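# Observations on the three-dimensional arrangement
Here are the chains, one letter per residue:
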There are 2 protein chains.
Amino acid sequence: MNIASKTLPRKLAGRLIRPTIQRIKILDYLINDPCHPTADQIYKDLHKEIITLSKTTIYNTLKLFARAGIVKELDFGNSETRYDVIIENHSHFLCKGCGSISNFYINLDDWSCSELNGFKIIERNVYFKGLCPDCLLNINNKLPRE
Amino acid sequence: MNIASKTLPRKLAGRLIRPTIQRIKILDYLINDPCHPTADQIYKDLHKEIITLSKTTIYNTLKLFARAGIVKELDFGNSETRYDVIIENHSHFLCKGCGSISNFYINLDDWSCSELNGFKIIERNVYFKGLCPDCLLNINNKLPRE
DNA sequence: GTTCCTGCAAAAGCTTTGCAGAAGA
DNA sequence: TCTTCTGCAAAGCTTTTGCAGGAAC
């Protein structure tokens, strides 16, 4: 594990979550992996290390983390939920070419709108879709297929 | 159907979509219903009128409409996709109390961010979550449960 | 000893696919 | 006639649930 092995157990214990091996590994994966993985990606990768790890545990843990405010569940209109460690208020860019997700930062706190007078805004979510620099390059360098 | 019965067939034909009864009814439902329905809600309501209508046709039609740019598929992190007629650039407010979705309007076209230099932005999506005025009232009028 | 956690198997829920018959051009 | 459309049944996928054995306190 990349992050000091003592840090993560403390982080979990601080949230009243018993730091089991599975949970530590999953949190470590989420923190060190920048790709906003799906449950299945986490499973496939961690399963190599812990062969007994089950998907149920992945889902249990992710739901637990979400309720504890450690991760956020992201939805981009695909069938799969993606998981993101909550660091600070940031937004996401989904590349339609390669499916990668990039973070970007916009201050959302001030955003409102006269139409929402009387509404209590708890959460502001923003995501953009488009093409990342790599995919743009590929398109420009290659002849259009089809 | 609420909207003039000649208008919708024309609208579909203009998009090279054969205006069948099912498609006209679904489009009519989407245009006249402000609630951003799920496929199941559309099915339950239209099934009363057209008892032979199947869910497959609902899904086929919604996908067709989405590809034709008539509707947009919305995802709020629930398991169900919600469908919205594309009228103009608008955003959505999801009430965590009653699940209702309200539209609000913000000009998104100008939004960018230095971190996204080199990215091609095709779509900007914004959704807020919180409590609608009705649910806020209910909370204030009632004693907290639990 | 009691509570919490893990993981297999099965179920649940939404959406898609295969296919045959019907409708339309 | 030939293409397109509909709708039943079944499959596909992600996620959740039931439950029994095991670990932790």
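Above: the structure in question.
So, here's what we can say about the structure. (Residues numbered from 1 in each chain as written. Chains lettered and ligands numbered in written order. Predicted model: local features only at pLDDT ≥ 70, side-chain atom pairs only at ≥ 80, totals over all residues. Heavy atoms only, no water.)

## Some details on the pairing of strand E4 (residues 101-104) of chain A
Looking along a regular strand, one sees side chains alternate from face to face of the sheet. All names here are of chain A. So the rule is basically this: Whether two strands pair depends on DSSP finding at least two bridges between them. Starting at the N terminus, helices and strands are each numbered in turn, a helix being any DSSP run of H or I of at least four residues and a strand any DSSP run of E of at least two.
Pairing analysis gives four bridges linking strand E3 (residues 91-95) to E4, with the strands arranged antiparallel. Each bridged residue has a counterpart across the sheet, and for Phe-93 the counterpart in E4 is Ser-102. Once E3 ends, the chain turns through five residues before running back antiparallel as E4, passing Gly-99 with a positive phi of about 80 degrees.

## Here we look at the interface of chain B and chain A
The cut-off we apply is this: Here a residue-residue contact requires only that any non-hydrogen atoms of the pair lie within 4.5 Å. Note: buried area is the sum, over both parts, of the accessible area (probe 1.4 Å) each one loses when the two are combined. Just to be clear on terms, a salt bridge is a Lys or Arg side-chain nitrogen sitting within 4 Å of an Asp or Glu carboxyl oxygen. Side-chain atoms alone can form a polar contact between residues adjacent in sequence; in general such a contact is a pair of N or O atoms within 3.5 Å, and within protein one must be able to donate a hydrogen while the other accepts it. Gly falls in the polar group here, along with every residue not listed as nonpolar (Ala, Val, Leu, Ile, Met, Phe, Trp, Tyr, Cys, Pro) or charged (Asp, Glu, Lys, Arg).
Contacts between chain B and chain A engage 32 residues on the former and 32 residues on the latter. Between chain B and chain A lies a buried interface of about 2900 Å² when both sides are counted; carbon and sulfur atoms form 65% of it. Looking at the side of chain B facing chain A, the largest losses of area belong to Phe-119, Tyr-127 and Phe-128 of chain B, adding up to 19% of the total buried there. Across the contact surface, chain B and chain A share two salt bridges. With its nearest N and O atoms 3.2 Å apart, the salt bridge here joins Glu-123 of chain B to Lys-96 of chain A. At the boundary of chain B with chain A, the tally comes to twelve residue pairs in polar contact (both at pLDDT 80 or more). Elements supplying a minimum of two residues to the side of chain B that touches chain A: strand E4 (101-104), strand E5 (120-131) and helix H5 (133-141) of chain B. Taken together, the residues of the side of chain B that touches chain A sort by class into 17 nonpolar, eight polar and seven charged. Across eleven bridges, strand E5 (residues 120-131) of chain A lies against E5 of chain B in antiparallel orientation. Across the sheet, the residue bridging to Ile-121 of chain A is Gly-130 of chain B, located in E5 of chain B.

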